[in-house]
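Summary of the model geometry
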Amino acid sequence: MRIIRAKDYSDMSRKAAGIISAQVILKPDSVLGLATGGTPIGTYQRLIEMNKNGDVDFSNCRTVNLDEYAGLGPEDPQSYRSFMNENLFHHINIDMANTYVPDGKNIDSEGECRRYDGILKKMGTVDLQLLGIGVNGHIAFNEPAKSFSKGTQKVTLTQDTIESNKRFFEKAEDVPRYAYSMGIKSIFSAKRILLIAAGKEKAKILCRSFTGEIEPAVPASVLQMHSELIVIADKDAMSELINVAPELVENAH
Ligand code: GLP
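Summarised in this report is the structure supplied together with it. Bear in mind the structure is a predicted one, so any value in this text is a computation, not a measurement.

**Details of the site of the ligand**
Near the ligand, the surroundings consist of 14 residues, among which Gly38, Thr39, Asp67, Arg167 and Lys202 are the closest. Asparagine 165 has a polar side-chain atom sitting 3.1 Å from an oxygen atom of the ligand. For the ligand, whose accessible area on its own is 390 Å², the fraction buried by protein is 95%. Here the ligand occupies the largest pocket. Here the residues of the shell around the ligand are counted per class, giving four nonpolar, seven polar and three charged.

**A few points about the packing of helix H2 (residues 41–52) against helix H3 (residues 80–87)**
Interhelical geometry of H2 versus H3 gives an angle of 40° and a closest axis separation of 10 Å. Between H2 and H3, the interaxial angle falls into the category oblique. Contact with H2, carried on its side by Ile41, Tyr44 and Ile48, involves Phe83, Met84 and Asn87 of H3 and no other residues of that element. Residues of the contact of H2 with H3, tallied by class, amount to five nonpolar, one polar and no charged.

**A short note on the sheet that holds strand E7 (residues 153–156)**
In space, the three strands of this open sheet follow the order E4-E8-E7, with antiparallel pairing throughout. One side of each edge strand has no neighbouring strand; the edge strands of this open sheet are strand E4 (67–69) and E7. In this sheet, neighbouring strand axes are inclined to one another by 25° on average, regardless of whether the strands run parallel or antiparallel.

**Remarks on unusual backbone geometry**
Of note in the backbone geometry, alanine 140 takes a positive phi value of approximately 55° without being a glycine. For alanine 140, a relative accessible area of 10% corresponds to the buried category.

**A look at the nonpolar core**
If you look at the biggest cluster of nonpolar residues, it comprises 37 residues, and the most contacted ones within it are Val64, Leu195, Leu206, Phe210 and Leu223. Elements that contribute at least two residues to this core include exactly helix H4 (109–123), helix H6 (184–188), strand E9 (192–197), helix H7 (203–211), strand E10 (229–234), helix H8 (235–238) and helix H9 (241–244). Setting aside anything within four residues of it in sequence, one finds leucine 206 in contact with Ile133, Leu195, Ala197, Val231, Ala233, Ala237, Met238 and Leu241. Val56, Phe58, Phe83 and Ile230 belong to the second-largest nonpolar core, a separate cluster that totals 29 residues.

**Re the side chain of arginine 81**
Following the sequence through the fold, arginine 81 ends up in helix H3. No salt bridge is formed by the buried arginine 81, whose closest oppositely charged neighbour, glutamate 68, lies at an N-O distance of 6.4 Å. Among the polar contacts listed, one links the side chain of arginine 81 to the backbone oxygen of threonine 99, at a separation of 2.9 Å. Ignoring any residue separated from it by four or fewer positions in sequence, one finds arginine 81 in contact with Glu68, Pro74, Phe89, Met96, Thr99, Tyr100 and Val101.

Rules used throughout
- Throughout, a residue's number is its position along its own chain's written sequence, starting from 1.
- Residue-level local features of this predicted model are given only where pLDDT is at least 70; pairs of side-chain atoms are given and counted only at 80 or more, and the full residue set underlies all totals for whole chains, interfaces and linings.
- Calculated side-chain values reflect all of the structure's heavy atoms, with hydrogen atoms and water omitted.
- When we say a residue is near a molecule or strand, we mean one of its heavy atoms is within 4 Å of it.
- For the purposes of these results, a polar contact is taken to be a pair of N or O atoms within 3.5 Å, where, inside protein, one atom must be able to donate a hydrogen and its partner to accept one; residues adjacent in sequence count only when each atom of the pair is a side-chain atom.
- Residue-level accessible areas treat just the shown protein chains as cover; the underlying method is Shrake-Rupley with a 1.4 Å probe.
- A cavity here means a set of 1 Å grid points, computed over protein atoms only, where a 1.4 Å probe fits but cannot escape. A pocket is an open set with protein on both sides within 12 Å along at least 5 of 7 lines, and lining residues have an atom within 4 Å of a point.
- A molecule is counted as occupying a cavity or pocket when more than half of its atoms fall within 2 Å of that pocket's grid points.
- All amino acids are sorted into three groups, where Ala, Val, Leu, Ile, Met, Phe, Trp, Tyr, Cys and Pro are nonpolar, Asp, Glu, Lys and Arg are charged, and the leftover types, Gly among them, are polar.
- Think of each axis as a best-fit line through the C-alpha atoms, taken over the contacting stretch in the case of a helix, with angles from 0 to 180 degrees between the N-to-C directions.
- Helix numbers and strand numbers start at the N terminus; a helix is a DSSP run of H or I with at least 4 residues, a strand a run of E with at least 2.
- Working definition: roughly parallel below 35 degrees, roughly antiparallel above 145 degrees, roughly perpendicular at 65 to 115 degrees, and oblique for all remaining angles.
- Should any heavy atoms of two residues lie within 4.5 Å, those residues are considered in contact.
- By definition, two strands form a pair when at least two bridges between them are found by DSSP.
- Buried residues are those whose accessible area, probed at 1.4 Å on protein chains only, stays under 20% of the maximum for their type, while exposed residues exceed 50% and partly exposed ones sit between those limits.
- We call a set of buried residues a nonpolar core when its members are Ala, Val, Leu, Ile, Met, Phe, Trp, Tyr or Cys and they connect through side-chain atoms within 4.5 Å of each other.
- Within this scheme the basic residues Lys and Arg register as positive and the acidic residues Asp and Glu register as negative, but His and the chain ends are omitted.
- We count a salt bridge whenever a side-chain nitrogen from Lys or Arg sits within 4 Å of a carboxyl oxygen from Asp or Glu.

Here it is as structure tokens:
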């Protein structure tokens, strides 16, 4: 596990984009696992710039996204498919047919979970999985639970998550209550995981996830077991972890 402290959000984004672009340069046909949320937007902006400058070529990459709100289709501006199109895919030279997001409009939830797991299986190992973290320690939409999930599931969002994510909607009531989410076991099977975090509100959970017990009540804590985990967080998100376990943190200036 490597935990790297970035100066600020922009530094975190530059570092994360640097790692993703290095992955694609070294393996042009990489399978990238991608995330949504406010945190990766800066990383995606950097990747767009790098792609426009000719520094990184996504034409042979395939991507799988972590999750999607149940009930929202690709045309819905709040769907994660729209988010990915707007914040990354439409601005880089990726083949859209090689980008996968669960289908939120599929009302056959078991069928959708099976379908998405089938896609993941066909893709093979994810070379690099980008992750954010929820304030309650969720990764993708795997909320605190009694056990770690395996494959894709239809999950019920917790009140914490609805509260955090309502900023992307007009009102809290508009936030869907359910989502399709890749399971923890699938996420964990990526060759390398890059978790990014920014802002004071992530300080407590970041510290808890990477210095505390490994338990499904804190889904991100399982990542401590991954042999190729990189965490990049800005000073605010790192503020608690650096006090508790300064020896774990690189760039601890
Ligand atoms: C959502 C997503 C997660 C993301 C989390 C944190 O719930 N499903 O994949 O990591 O939010 O989002 P943010 O980066 O906006 O804090």
